[in-house]
Amino acid sequence: MAARARSATLSTVELSDVLAEVRETVGTVTTGVVTSAIPALARIDPHRFGLAYAGVDGELVGVGDWDTAFSVQSVSKVFSLALVLAHDGEALWTRVRRQPSVYRFNSLSELDGDCGIPRNPFVNAGALVVTDRLLGITGDAKQAVLDLLLTESGGGLYVDEAVAADEQAHNHRNSAIAHLIADHGNLHHPVEDVLDHYTGHCAIAATCGQLATAALFLARGGIRTNGERLLSAADTTRLNAILLTCGTYEAAGDFAYSVGLPAKSGIGGAILAVIPGRGILCAWGPALDAHGNSIAATQALSTFTSITGWSIF
């Protein structure tokens with residue numbers, strides 16, 4: 001299928017054809033490894049693959065394992081950040097920066113030198129601070145994230161308690177990160193509480209279709225499914241900008257080059273990508289590259305934007 005003009009619209013049938021072509025192009029990934037950080041996730045078949053597109057006009061199409069639930073992990077950081085920004089606006093940025101990091105998402109290397117101020121809200125350190133703030137706002141950060149996802153997706157998501165327990169039992173690095181942040185006075189709740197709520201929202205299980213639908217407010221300029229506003233148009237634009245520069249960790253530059261969309265990845269194998277004004281893509285493939293990003297999902301999203309021309313550039 002030839003690349004289409006950027007201004008082109010696609011029917012549901014055409015979108016289904018595009019997704020099928022993407023699926024065929026991706027094939028079976030033979031490189032990368034499933035995360036070993038959480039034993040429950042290490043047992044997932046690395047060859048699973050799903051891709052869904054949810055459009056602002058109501059389209060929802062998918063291919064492969066797009067209706068199979070998986071652990072969203074760091075993709076949940078998009079939703080926790082949106083909830084905090086909706087309440088606090090610019091105030092969060094006194095506690096978290098908006099700068100890309102050259103280190104892995106769970107690194108401690110920059111944190112001490114930066115006096116406990118994480119580089120951005122999508123590395124683990126930044127997401128822990130966001131969760132700490134959301135806990136202060138709502139009293140139950142993990143439930144707040146789950147409720148937002150349930151409402152925006154239409155239901156069916158849940159916290160996978162087995163994954164959450166497994167993650168808590170192997171949470172040594174995140175615990176070290178949280179204690180270092182707390183030592184610098186940048187956590188307002190007990191470390192154990194912050195870790196519990198952070199792990200809880202990372203352990204939410206969802207399908208590609210559910211995640212894509214739940215994130216549509218990012219493509220609608222901050223407007224929720226019911227027509228109410230979650231974020232201002234300006235804050236939505238800024239959140240998408242941070243997704244572009246920081247959402248795929250130290251590989252964000254390469255991802256922007258090859259895909260050209262704001263996106264957030266997770267070690268469960270999902271990548272959520274925003275096409276402002278059009279819709280949301282969610283691709284899932286458990287095998288990860290050295291940066292912690294799904295190889296199949298990255299390839300799928302790159303192929304999709306190459307076929308459609310739907311990049312932000």
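The name an unreviewed UniProt entry gives the protein chain is Glutaminase, with Actinokineospora globicatena as the organism. Quoted verbatim from the Subunit (unreviewed entry) field of UniProt, the annotation for the protein chain is "Homotetramer." As its UniProt record puts it under Catalytic activity (unreviewed entry), the protein chain is described as follows: "L-glutamine + H2O = L-glutamate + NH4(+)".

K.L.:
Is there a simple way to think about the side chain of S265 in this case?
P.N.:
If you trace the backbone, S265 turns up in strand β6 (residues 263-265). Residue S265 is classed as buried on the basis of its relative accessible area of 0%. At 2.6 Å, the side chain of S265 and the side chain of N293 are in polar contact. Sequence-distant contacts of S265, defined by excluding residues within four places in its chain, comprise S74, V75, G247, T248, Y249, A270, I271, G292 and N293.

K.L.:
Hey, could you run me through the packing of helix α3 (residues 76-88) against helix α10 (residues 233-246) in this one?
P.N.:
Helices that pack against each other are described as a pair by the angle of their axes relative to one another and the distance between those axes. At their nearest, the axes of α3 and α10 sit 11 Å apart, and the two run at 145 degrees to each other. Like other packed secondary-structure pairs, α3 and α10 cross with a definite hand, here right-handed. Contacts between α3 and α10 involve V78, L81, A82 and L85 from the former and D235, L239 and L243 from the latter. In terms of residue class, the contact of α3 with α10 is built from six nonpolar, no polar and one charged.

K.L.:
I tried to follow the nonpolar core on my own but got confused; where do I start?
P.N.:
In a soluble, globular protein the nonpolar side chains are often hidden away together inside. In this structure, F79, L211, L218, L239 and I280 are the most contacted members of the largest nonpolar core, which totals 75 residues. In this structure L211 touches F70, V72, V75, F79, L149, A206, L272 and C282, once residues within four positions along its chain are discounted. Of all hydrophobic cores here, the second largest spans 30 residues; its members include L10, L51, V259 and L261.

K.L.:
Sorry, what's going on with the pairing of strand β8 (residues 279-284) here?
P.N.:
In the case of a regular strand, side chains alternate between the two sheet surfaces. Along β8, six of the six residues are buried, which leaves the element largely enclosed by surrounding structure. Residues G279, L281 and A283 point to one face of β8 and I280, C282 and W284 to the other, with burial holding for every one of them. Pairing analysis gives six bridges linking strand β1 (residues 50-55) to β8, with the strands arranged antiparallel. Bridge pairing links Y53 to L281 in β8. Of the pairings in the sheet, the one linking strand β7 (residues 270-275) to β8 comprises six bridges and is antiparallel in character. When the sheet's bridge partners are listed, A270 is paired in β8 with W284. Connecting the antiparallel pair β7 and β8 is a turn made up of three residues, with G277 showing a positive phi of about 80 degrees.

K.L.:
Honestly, the sheet that holds strand β3 (residues 70-71) in this entry has me stumped. Any pointers?
P.N.:
The strands that make up a sheet are held in pairs by hydrogen bonds between backbone atoms, and each pair lies either parallel or antiparallel. Read across the open sheet, the three strands follow the order β3-β5-β4; overall the sheet is antiparallel. Edge positions in the sheet fall to β3 and β4 (158-159), since each of these pairs with one other strand and no more. Here two bridges tie β4 to strand β5 (residues 204-206), and the two strands are oriented antiparallel to one another. Residue pairing in the sheet places Y158 in a bridge with A205 of β5.

K.L.:
So what exactly am I meant to see when it comes to the packing of helix α1 (residues 12-26) against helix α12 (residues 295-308) here?
P.N.:
Where α1 meets α12, the axes come as close as 9 Å, and the angle between the chain directions of the two elements is 135 degrees. Classified by the angle their axes make, α1 and α12 are oblique. Of the two possible hands of crossing, α1 and α12 adopt the one that is right-handed. Counting all contacts with α1, which are made through L15, V18, L19, E21, V22, T25 and V26, the residues of α12 involved are A296, Q299, A300, T303, F304, I307 and T308. Along the lines of polarity and charge, the residues of the contact of α1 with α12 split into nine nonpolar, four polar and one charged.

Cut-off values and rules
Residues numbered from 1 in each chain as written. Predicted model: local features only at pLDDT ≥ 70, side-chain atom pairs only at ≥ 80, totals over all residues. Heavy atoms only, no water. UniProt positions renumbered as here; feature names shortened; annotations may be inferred. Helix = DSSP H or I, 4+ residues; strand = E, 2+ residues; numbered from the N terminus. Buried < 20%, exposed > 50% of the residue type's maximum accessible area, 1.4 Å probe, protein only. Polar contact = N/O pair within 3.5 Å; in protein donor to acceptor, adjacent residues only side chain to side chain. Contact = heavy atoms within 4.5 Å. Axes fitted to C-alpha atoms, helices over the stretch in contact; angles between N-to-C directions. Left-handed = near helix turned anticlockwise from the far one by under 90°. Nonpolar A, V, L, I, M, F, W, Y, C, P; charged D, E, K, R; others polar. Core = buried A, V, L, I, M, F, W, Y, C linked by side-chain atoms within 4.5 Å. Pairing = 2+ DSSP bridges. Parallel < 35°, antiparallel > 145°, perpendicular 65-115°, else oblique.

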